[in-house]
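# Structural overview
The chain contents come next:
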Amino acid sequence: MTSTTHPGEATVTNPTRKPRRALKLAGVLAVVAAVVAGAVVVMGITTRRMADARLSTWTENQAVPTVAVALPDARGKRTTIDLPGRLEAYSQAQLYARVSGYLKEWKADIGTPVKAWQLLAEIDAPDLDQQIMQAEADLTSAVANLTLAETTLERGQSLITSGAVSKQTLDQRAADAQNRRGVLKSSQANLDRLRVLEKYKRITAPFDGLVTTRTTDVGALINAGSGGGPALFVVSDTSKLRAYVNVPQNYVQSIKVGTKAQIIAPEYPGRSFGATVEASSQSIDPASGTTRMLLVVDNAKGELMTGAFANVHLELPNAENAISVPASALIFDQSGLRVATVDAADRIVLKKVTISRDLGKEVEIGTGLAATDRVIASPPDGLAEGDMVRIAGKGAPGTAANAVSNRAQGKL
């Protein structure tokens, strides 16, 4: 806008210049706004496309499972097996009374070391004493009767020639004498039997050992035989102990007679006692699928107790070459027992296998797997033959195989 001034005249302003300048400024601002708006729209679209691309890549990556693989352990392993067992005395005798009566006295209590034939208790048996007296009287009578019969027979033999005694009478006297001899022998045998029983009034130890049980006391009524109650005494030879274990069938062939073992008792933490397999039942119990085996433990110091629980630790012979995989690598489904491996292109290859030995956390594979196979230690559910996987600690799937291919083609 401009104005012209002349002397003596008023100032006149041009009204058309101001609107033109305003219109021009507004047009510039509109152009700038349109450019800014277009840039914002382009940036938004670009950002959205980049986010969609990243989301698509992330989704595709998440669709490929990540697995941990390892080569099988091809070294033969020394394996062990722990089995529960019960310690028993190598020799144990339960002593019962052979005569009835009352306990007169006992000489050894529980925990007492005893020698062979040492007196443990004595029984008062008045009935037996009376039977012996009667047997002695019967024997005396039998001797007297035999003497009389023999004397009568001798007189008849001296009179037979004179005819004073008939032949029939002489034969009767001879038969009577023979009968008296039989009665005498029977009376003697009965007395001898009672004399033998009389010796059982003294209860003695059958061998060197330890008194582990005493169930009677002075004045107790004693019944002859083993059906009248518990044993009066139990004597155990604890210098050696037996340990019986039930070995599962698949381990039986690995445990031979003479195999060394370790006995671990709860009362001795951190210690073990040497043992040797001495016998096997050579039969399988159909109820448990196990074989009963006997181990012998040296207990000369008397540290282990009979009847105690013990853990039997057996070392099994190891194979020189064996393929072992984690037990978690096994897949059980309708196709049988399989192991998931990964090939050079990072794709799943399912291989059927058989188990040679179950070692707990690991299993030895008999057939179906090579030492160079990459085994998935813990395969996720739903893996199928040919699926692409990502190896933990490695780049995108197939990168190793692609790199090898590109090197072969001279692209790298």
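Predicted, not measured: the structure shown is a model, and the values here were computed from it.

Cut-off values and rules
The residue numbers shown here count from 1 along each chain, following its written sequence. Residues qualify for local features only when their pLDDT is at least 70, as the model is predicted, and side-chain atom pairs are given and counted only at 80 or more; totals for whole chains, interfaces and linings, by contrast, use all residues. Think of the side-chain values as coming from all heavy atoms in the structure, minus any hydrogens and water. Helix and strand definitions follow DSSP, with helices as H or I runs of at least four residues and strands as E runs of at least two, each counted in order from the N terminus. For every residue, the accessible area (1.4 Å probe, protein chains only) is compared with the maximum for its type, and the residue is labelled buried under 20%, exposed over 50%, or partly exposed between those bounds. Two residues qualify as a contact provided that any one of their heavy atoms is within 4.5 Å of a heavy atom in the partner residue. In short, Shrake-Rupley with a 1.4 Å probe defines the accessible areas, and a residue's cover is counted only from the protein chains shown. Each Phe, Tyr or Trp ring, with Trp reduced to its six-membered ring, pairs with another whose centre is within 6.5 Å; inter-plane angles below 30 degrees give stacked pairs, above 60 give edge-to-face pairs, and intermediate values give tilted ones. Here, a charge over a ring means that NZ of Lys or CZ of Arg falls within 6 Å of the ring centre while also lying within 35 degrees of the ring normal. Predictor confidence is given residue by residue as pLDDT, running from a minimum of 0 to a maximum of 100. Only buried residues count toward a nonpolar core, which is a set of Ala, Val, Leu, Ile, Met, Phe, Trp, Tyr and Cys residues joined through side-chain atoms within 4.5 Å. Strand pairing is defined by DSSP finding a minimum of two bridges between the two strands. Residues forming no salt bridge and having over 30% relative accessible area are the ones grouped into patches, like charges within 9 Å of each other and nonpolar side chains (Val, Leu, Ile, Met, Phe, Trp, Tyr) within 5 Å. Any carboxyl oxygen of Asp or Glu that lies within 4 Å of a side-chain nitrogen of Lys or Arg is treated as forming a salt bridge with it. The term polar contact refers here to a pair of N or O atoms within 3.5 Å; inside protein, the definition further demands a hydrogen-donor-capable atom paired with an acceptor-capable atom, and it admits residues adjacent in sequence only when both atoms are side-chain atoms.

### A closer look at the overall build of the chain
A tally of helices and strands in the chain yields five helices and 25 strands. Residue burial in the chain is summarised as follows: out of 412 residues, 28% are buried. Partitioning the intrachain contacts of the chain with sequence separation of at least 6 by distance along the chain shows that 72% fall at a separation of at least 24. When the accessible surface of the chain is split by element, carbon and sulfur atoms take 55% of a total near 25,400 Å².

### Observations concerning the packing of aromatic side chains
Across all of its chains, the model carries one aromatic pair by this definition. Arranged with centres 5.6 Å apart and planes meeting at 70°, the rings of Tyr268 and Phe273 form a pair that is edge-to-face. Judged by relative accessible area, Tyr268 falls into the partly exposed class, the value being 21%. Overall, the relative accessible area of 8% leaves Phe273 in the buried class. The cationic tip of Arg242 hangs over the ring face of Tyr90; the distance from NZ or CZ to the ring centre is 4.1 Å.

### Focus: the confidence of the model for the chain
Within the chain, residue pLDDT values average 82, and 84% of them lie at 70 or more. When the elements of the chain are averaged for pLDDT, helix α5 (residues 399-409) gives the smallest value, 38, and strand β9 (residues 119-124) the largest, 95. Within the model, pLDDT remains below 50 along residues 1-13, and this stretch shows 15 contacts once partners closer than five positions in the same chain are excluded. Taken together, the stretch residues 398-412 has pLDDT below 50 and engages in 10 contacts with residues farther than four places along the chain or on a different chain.

### Observations regarding the nonpolar core
Counting residues in hydrophobic clusters, the biggest one holds 28 residues, and the most contacted among them are Leu120, Ile203 and Phe233. For this core, the elements supplying multiple residues, two or more each, are β6 (79-95), β9, α2 (126-159), α3 (167-199) and β13 (233-248). In terms of residues, this core owes the most to one element, α2, which gives six residues. In this view, Leu120 contacts Leu95, Trp106, Lys107, Ala108, Val114, Ile203, Thr204, Ala205, Val211, Phe233 and Val235; residues no more than four positions away in its chain are not counted.

### Points about the sheet that holds β9
As summarised here, the arrangement of the four strands in space is β10-β9-β7-β12, forming an open sheet in which the pairing is antiparallel. Each of the sheet's edge strands pairs with one partner strand only, and the pair in question is β10 (202-204) and β12 (221-222). When strand β7 (residues 101-106) meets β12, the two strands line up antiparallel, connected through two bridges. By the bridge assignment for β12, Tyr102 is matched with Leu221.

### Description of a nonpolar patch on the surface
Residues Val28, Val32, Val36 and Val40 make up a contiguous nonpolar surface patch of about 330 Å² in total accessible area. Tracing the backbone through its elements, the reader meets Val28 in helix α1 (residues 17-63).

### Some remarks on the environment of Leu350
Turning to its location among the elements, Leu350 is positioned in strand β21 (residues 348-352). Residue Leu350 is classed as buried on the basis of its relative accessible area of 15%. Considering only alpha carbons, one finds Leu350 and Val339, 11 residues apart in sequence, at a separation of 5.7 Å. Excluding its chain neighbours within four sequence positions, the residues that come into contact with Leu350 are Ile331, Arg338, Val339, Ala340, Leu383, Ala384 and Glu385.

### A few points about the pairing of β7
Across four bridges, the pairing between β7 and β9 is antiparallel. Paired with Leu103 across the strands is Ile123, a residue of β9.

### Section: the pairing of β13
Note that β6 and β13 share nine bridges and pair antiparallel. Among the inter-strand pairings, Glu88 is bridged to a residue of β13, identified as Arg242. Relative to β13, strand β11 (residues 209-214) runs antiparallel, the two sharing four bridges. By the bridge assignment, Val211 is partnered in β13 with Val235. Of the strand pairs in this sheet, β13 and strand β16 (residues 290-298) are connected by nine bridges, and their pairing is antiparallel.

### Structural notes on the side chain of Thr291
The residue Thr291 is located in strand β16 in this model. A polar contact is formed between the side chain of Thr291 and the backbone oxygen of Ser283, at a distance of 3.1 Å. Those residues in contact with Thr291 that sit more than four places away from it in its chain are Val245, Asn246, Val247, Val252, Ser280, Ser281, Gln282, Ser283 and Ile284.

### Side note on unusual backbone geometry
Of note, Trp117 is a non-glycine position whose phi angle comes to about 70°, a positive value. Structurally, the position occupied by Trp117 is in the loop between β8 (113-114) and β9. Judged by relative accessible area, Trp117 falls into the exposed class, the value being 66%. Here the phi dihedral of Gln282 falls at roughly 55°; this positive angle occurs in a residue that is not glycine. Take Gln282: it is sitting in the loop between β15 (273-280) and β16.

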